[in-house]
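For reference, the chains in residue letters:
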Amino acid sequence: MLPVERHRFITEILSQRGRVLVQEVATLCQISLETARRDLALLEKRGALLRSHGGAVFVEQHESEKLYVPAQIEQGESFRERSNQAPDQKTRIAKRALALINPGDCLLLDSSSTSWFLARQLPDIQLVVLTNSLHIIQTLAAKANVKTIGLGGEYSAKYEDFIGVLAEKILKEFVINKLFFSCHGISHEGGIRESNEHHARLKQQMLLSSEHKILLADSSKFGRRSFARICHYREIDTLITDSLEDDEFRQELAWSNVNVIEVAPVRNKQVSVKTHRGDSSPV
């Protein structure tokens, strides 16, 4: 959690409870006691609280005196914008991903538009699906045999999903068979990246919580510069894409033991599948 996020989180707790202990701050923010004390001291200088023995108490402020916390820059396109981009490619990728799913699986779907395309294709079979996407939750509500678990957290109207420390904490309680996720960009040097730090942090925790990691990325993602790093591509197991034309990058993925599955259209509108580094059997 970034310092500015911690400070906002601490002030929100204080406004709700009236007081907070140093140990509580350290536990909730996953920081040391020393860092928690420094945060409280800084917030006291700004007039946001008064420190007391072992913690701090809330100080009611006039509107003109309220703690200034700079707004987080919401980089990247909205969910609605992304869902209208490359729908044919995303549909083919989603249909191919179905071959990696078995009855009884516990799946984790991120809030990408490609994962939403996958959710729309999911059969009504015995599955557990965790997600931070409002649209995926709504889509799966119609499937009686799919148990859906929503990740709580701060709601983002722009991305129509839930993000933040609460969503990250919930993930630590589960063991997930397969993660299906997407990204904003993939590059040789930068690895797999996101457009903002909030989604990058949450996807890092998703990777830690999942046994098998499947990246769903259409060809527009390759070579795209993006703000925040999620992981190196060696940390994923499978990449499903519509096209990968960079032979050098394909070789790097092979060296990193990533199974690449290309799903391209053919003239009769059937789907052509090419796999690299092993077979295309389910994960």
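As recorded in an unreviewed UniProt entry, the protein goes by DeoR family transcriptional regulator and comes from Rouxiella silvae.

With that settled, the discussion passes to the overall build of the protein. Helices and strands together make up the secondary structure of the protein, namely 10 helices and 16 strands. When burial is assessed residue by residue, the protein has 48% of its 283 residues classed as buried. When contacts within the protein are restricted to residue pairs at least 6 apart in sequence, long-range pairs at least 24 apart make up 56% of them.

Next up on the list: the packing of helix α2 (residues 22–29) against helix α3 (residues 33–45). Two elements in contact, α2 and α3, have axes whose closest approach is 8 Å; the angle formed by their N-to-C orientations is 110°. For the element pair α2 / α3, the angle class is roughly perpendicular. The segment α2 lies against α3, with Val22, Gln23, Val25 and Ala26 engaging Leu33, Ala36, Arg37 and Leu40. Across the contact of α2 with α3, the residue classes tally to 6 nonpolar, 1 polar and 1 charged.

Most of strand β12 (residues 210–216) is tucked away: 5 of the 7 residues are buried. Sheet topology places strand β9 (residues 176–181) next to β12; 5 bridges connect them, and they run parallel. Bridge pairing in β12 links Leu179 to Lys213. In terms of strand pairing, β12 meets strand β14 (residues 238–241) through 3 bridges, oriented parallel. When the sheet's bridge partners are listed, Leu215 is paired in β14 with Leu239.

Here we come to the layout of surface pockets. A probe matching the size of a water molecule, rolled over the atoms, marks out where space remains unfilled. Estimates place the volume of the second largest pocket at around 290 Å³. In terms of lining, the second largest pocket is formed by 24 residues, of which the most central are Arg82, Cys183, His184, Glu194 and Lys221. Every element with two or more residues in the lining of the second largest pocket is listed here: α6 (113–121) and α9 (197–209). For the lining of the second largest pocket, the class distribution of residues is 3 nonpolar, 12 polar and 9 charged.

So, about the sheet that holds strand β11 (residues 191–194). Strands sit in the order β10-β11-β13 across an open sheet of 3 strands; the sheet is antiparallel. Each edge of the open sheet is held by one strand with a lone partner, namely β10 (185–187) and β13 (228–231). Going across the sheet, the axis of each strand differs from the next one's by a mean of 40°, ignoring polarity. Here β11 pairs with β13 via 3 bridges, running antiparallel. Paired with Arg193 across the bridge in β13 is Arg229. The strands touched by α9 are β11 and β13; relative to β13, the strand with the most contacts, the crossing angle is about 10°.

Read across the sheet, 3 strands follow the order β1-β3-β2 without closing on themselves; strand pairing throughout is antiparallel. Every other strand in the sheet has two partners, leaving β1 (19–21) and β2 (49–52) as the edge strands with one partner each. Along the sheet, successive strands turn relative to each other by an average axial angle of 25°, direction set aside. With 4 bridges joining them, β2 and strand β3 (residues 55–58) adopt antiparallel strand pairing. Residue pairing for β3: Leu50 is matched across the bridge by Val57. Docked against the sheet, α2 engages β1 and β3, running at close to 75° with respect to β1. This element, α3, spans β2 and β3 of the sheet and lies at about 135° to β2.

Quick look at the pattern of salt bridges now. If you walk through the whole model with that rule in mind, you get 10 salt bridges. Note that Asp110 is salt-bridged to Lys203, the shortest N-O span being 3.0 Å. Highlighted residues: Asp110 in the loop between β4 (106–109) and α6 and Lys203 in helix α9, separated in sequence by 93 residues. With relative accessibility at 0%, the residue Asp110 sits in the buried group. A single salt-bridge network, built from bridges that share partners, covers Asp110, Glu194 and Lys203.

The N-to-C vectors of helix α5 (residues 87–97) and α6 enclose an angle of 55°; their axes lie 8 Å apart at closest approach. With respect to their mutual orientation, α5 and α6 come out oblique. Between α5 and α6 lies a crossing whose hand is right-handed. Of the residues in α6, those touching α5 at Pro87, Lys90, Thr91, Ile93, Ala94, Lys95 and Ala97 are Ser113, Thr114, Phe117, Leu118 and Gln121. Counted by class, the contact of α5 with α6 contains 6 nonpolar, 4 polar and 2 charged residues.

So, how was this worked out
Residues numbered from 1 in each chain as written. Predicted model: local features only at pLDDT ≥ 70, side-chain atom pairs only at ≥ 80, totals over all residues. Heavy atoms only, no water. Helix = DSSP H or I, 4+ residues; strand = E, 2+ residues; numbered from the N terminus. Buried < 20%, exposed > 50% of the residue type's maximum accessible area, 1.4 Å probe, protein only. Contact = heavy atoms within 4.5 Å. Axes fitted to C-alpha atoms, helices over the stretch in contact; angles between N-to-C directions. Parallel < 35°, antiparallel > 145°, perpendicular 65-115°, else oblique. Nonpolar A, V, L, I, M, F, W, Y, C, P; charged D, E, K, R; others polar. Pairing = 2+ DSSP bridges. 1 Å grid on protein atoms, 1.4 Å probe; cavity = no way out; pocket = protein on both sides within 12 Å on 5 of 7 lines; lining within 4 Å. Points joined across faces, edges and corners; volume = space filled by probe spheres on them. Salt bridge = Lys/Arg side-chain N within 4 Å of Asp/Glu carboxyl O. Left-handed = near helix turned anticlockwise from the far one by under 90°.

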